[in-house]
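In case you want the letters, here they are:
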Amino acid sequence: MSRDLRRMRGRVAIVGAAEADEHGKLPHKSAFMLHAEAARNALADAGLSLGDVDAVFSAGLWMGSETAEYLGIRPRYIDGTQIGGCSFIAHVQHAMAAIDAGIVEVALITHGESGASRIGMPGTRFGVDAFRMQFEQPFGLAGPPTGYALAATRHMHEYGTTSEQLAELAVSTRKWAQLNPRAIMRDPLTVDDVLSSRMISWPLHLLDCCLVTDAGGAVVVTSAARARDCAKRPVWVLGTGEASTHVIVSQMPDFGFWDAARMSSERAFAMAGVRHADIDVAMFYDAFTIVPVMGLEAAGFCGRGEGGAFVSGGRTAPGGPFPMNTNGGGLSYTHSGMYGMFTLVEAVRQVRGECGARQVAGAKTAICHGLGGMFSSAATLVCGTEIPS
Amino acid sequence: MSDYTGPLPVATPETKPFWDAARRHELTLPRCRPCGSFVFFPRSVCPRCLSADVEWRQVSGRGTLHTFTVVHRGAKGFPLGTPYVIAVVELAEGPRMMTNLVGAEPDPAKLRIGMPVEVVFRDVSSEVTLPHFRPAGGGA
């Protein structure tokens, strides 16, 4: 299987990556305005124009075609796959397939979400469908923190993971944010600050939880041949994977282990043909501190149950041996609701060497690892400026 | 009872027997005849073998606390005051379901993963009864 998968390595590249002009609390901007800014900026980054785009990928509560309409694109390939915050990482895999099949050549993947201000967002609240309404809402499931806390409790029980270890991750991530002038949260942070922040849903404190912002981002994916003619050095798609195991929280197969992430990352590594040690920069979706801890285990960067120890001692902080979430993450940089897009944008910037004070020296290969639902889905991308021989 | 402010389930065709049984203070689940698995959440097909040959069976209402969270920032209008406990219970018959743990202090130090629990029914409106769980033996 891996030989067939490896055939796909380097067949497409990310040639444009950008964010909306601003992010944070933006009551003067609708979700689609954020889409449009990000799309315009990403196309400019690629040196491409609107007329070059023949495929549009977006994930929201609206139809994928609505994004295309707003942007003035008449695509011949539309993908509105919605599997939560990792959707955009999955879209890269879908775009790769569509481009490799010869159906399209230039794919625009966009994200815009008024997560904090809720301007121009559909009225239906994400996550309340027929079955969640029957088997979760009546028990007071108060949004994502309560769901993730159920996994954190089990992980602590099975492996001895501690709140201090989770807090260490938040502290290391904040140190990256302090190097990023665009990050929302840049004040110094200590383990004690995290542990003494108010309890949201035990064992998760306020500072174990991500920000809630208005933000947008976009990436442009194209064929290897076309990529060489774009404005900047191509960032090759080396490995991709996606997986889903459940949606209803109580049906998570193993509350102490993120099985979908194991599935998506195994496939991405098999396709890329790179070793874990080859990864220079890791972007691990961090809606809550427990998420990267379980993500690192699932993706094989450490053993099962070892995630807490792995993120301790500042190992993921600037200067540490495992540079992770270098933009400041969902915890300190931004988190619109579907954060996965920002892992893509930062990974591209890192391997291109565009990150200024937070640049990881010599970064060539990055991993983006995304989350959807309550550990429901996962998508993984390995990308880099060189195709391994 | 009519002043209950929490979200109420609205049954769908494949779940109606579950909620009807809860009204009678019985916990029932679909069971797949060909492969013998109990199914949660209730579905028209067995998620292990896709058989549509499912029958409704009463289950014991006993299980263990599989995991939990103590909610301090609760859902808006939720009638259990904070802090309250959301639990995932593993039923003796196998499936896991979300519920509220009642009859126990909402204190993580006093709750133990693996502790035996049993179903207790709460009539929250003239039409709806929710299955909650409490520590086995009638409370802590």
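Residues numbered from 1 in each chain as written. Chains lettered and ligands numbered in written order. Predicted model: local features only at pLDDT ≥ 70, side-chain atom pairs only at ≥ 80, totals over all residues.

From N to C terminus, chain A includes 14 helices and eleven strands. On C-alpha atoms alone, chain A measures out to a radius of gyration of 19 Å, which is about the 21 Å that the 2.2 N^0.38 rule sets for 389 residues. With respect to the three principal axes, the spread of C-alpha positions in chain A is 50 × 45 × 40 Å. Sorting the 389 residues of chain A into buried and exposed places 61% on the buried side. Sequence-distant contacts in chain A: of pairs separated by 6 or more residues, those separated by 24 or more amount to 77%. (Helix = DSSP H or I, 4+ residues; strand = E, 2+ residues; numbered from the N terminus. Rg over C-alpha atoms; globule rule 2.2 N^0.38 Å. Buried ≥ 20, exposed ≤ 12 C-beta atoms within 10 Å, placed from the backbone. Contact = placed C-beta atoms within 7 Å.)

This paragraph deals with unusual backbone geometry. With omega at -5°, the peptide bond leading from B:Phe40 into B:Phe41 counts as cis. With an omega of -10°, the peptide bond running from B:Thr82 to B:Pro83 counts as cis. With respect to the secondary-structure elements, B:Pro83 resides in the loop between strand 3 (62-71) and strand 4 (84-91). Unusually for a residue other than glycine, A:Asn325 sits at a positive phi of about 55°.

All right, on to the nonpolar core then. Among the nonpolar cores identified, the biggest contains 160 residues, and A:Ile14, A:Ala95, A:Val219, A:Val220, A:Val221, A:Leu344 and A:Cys383 are the most heavily contacted of them. Counting residues per element, this core draws most heavily on helix 2 (residues 31-46) of chain A, which supplies ten residues. A domain-level breakdown of this core finds at least three residues from each of domain 1 (11-59) and domain 2 (61-140) of chain B. Residues contacting A:Ala95, with those up to four places away along its chain left out, are A:Val12, A:Ala55, A:Phe57, A:Ala107, A:Ile109 and A:Val221. (Core = buried A, V, L, I, M, F, W, Y, C linked by C-beta atoms within 7 Å. Domains from an automatic or database assignment.)

Here the focus is helix 1 (residues 16-23) of chain B. Because each turn of an α-helix spans 3.6 residues, side chains separated by three or four positions end up pointing in the same direction. All names here are of chain B. Of the residues making up helix 1, those classed as buried are Phe18, Trp19 and Ala22. Buried residues along helix 1 cover an arc of 90° about the axis, so they all sit on one side. Backbone geometry just after helix 1 places His25 at a positive phi near 60°. (Arc of directions from axis to C-beta.)

Before going further, it helps to spend a moment on the confidence of the model for chain B. Model confidence for chain B is summarised by a mean pLDDT of 94, while 96% of its residues fall at 70 or above. Quick note on the complex model: pTM equals 0.96, ipTM equals 0.95. (pLDDT = per-residue confidence, 0-100.)

Each partner contributes residues to the interface: chain B has 31 residues there, and chain A has 26 residues. Breaking the side of chain B that touches chain A down by element, the ones donating at least two residues are strand 3, strand 4 and strand 5 (96-100) of chain B. For the side of chain B that touches chain A, the leading source of residues is strand 3 of chain B, giving six residues. Here the residues of the side of chain B that touches chain A sort into 19 nonpolar, ten polar and two charged. Summarising the sheet, strand 5 (residues 199-202) of chain A and strand 3 of chain B pair through two bridges and their orientation is antiparallel. Opposite A:Ser201, over in strand 3 of chain B, you have B:Val71 as the bridge partner. (Nonpolar A, V, L, I, M, F, W, Y, C, P; charged D, E, K, R; others polar. Pairing = 2+ DSSP bridges.)

Bringing the sheet that holds strand 4 (residues 106-114) of chain A into the picture now. Think of a sheet as strands paired side by side through backbone hydrogen bonds, with each pair either parallel or antiparallel. Residues and elements named next belong to chain A. As summarised here, the arrangement of the nine strands in space is 3-2-4-7-1-8-11-10-9, forming an open sheet in which the pairing is mixed. Looking at the sheet topology across the chains shown, the edges are occupied by strand 3 (77-79) and strand 9 (281-284). When strand polarity is set aside, the average angle formed by the axes of neighbouring strands in this sheet is 20°. Along the sheet, helix 14 (residues 340-352) contacts strand 1 (12-19), strand 4, strand 7 (214-223), strand 8 (235-244), strand 9, strand 10 (365-372) and strand 11 (377-384); its crossing angle with strand 10, the most-contacted strand, is approximately 175°. (Axes fitted to C-alpha atoms, helices over the stretch in contact; angles between N-to-C directions.)

A few words on the domain arrangement of chain B. Residues and elements named next belong to chain B. Assigned domains within chain B: domain 1 (11-59) and domain 2 (61-140). The gap between the C-alpha centroids of domain 1 and domain 2 is 21 Å. Listed as interface residues are nine residues of domain 1 and, on the opposing side, eleven residues of domain 2. Residue composition of the side of domain 1 that touches domain 2, grouped by class: seven nonpolar, one polar and one charged.

What follows deals with the packing of helix 4 (residues 87-100) of chain A against helix 14 of chain A. Residues and elements named next belong to chain A. It is at 6 Å that the axes of helix 4 and helix 14 come closest, and there the two elements cross at 65°. Of the residues in helix 14, those touching helix 4 at Ser87, Phe88 and Ile89 are Gly340, Met341, Thr343 and Leu344. Here the residues of the contact of helix 4 with helix 14 are counted per class, giving four nonpolar, three polar and no charged.

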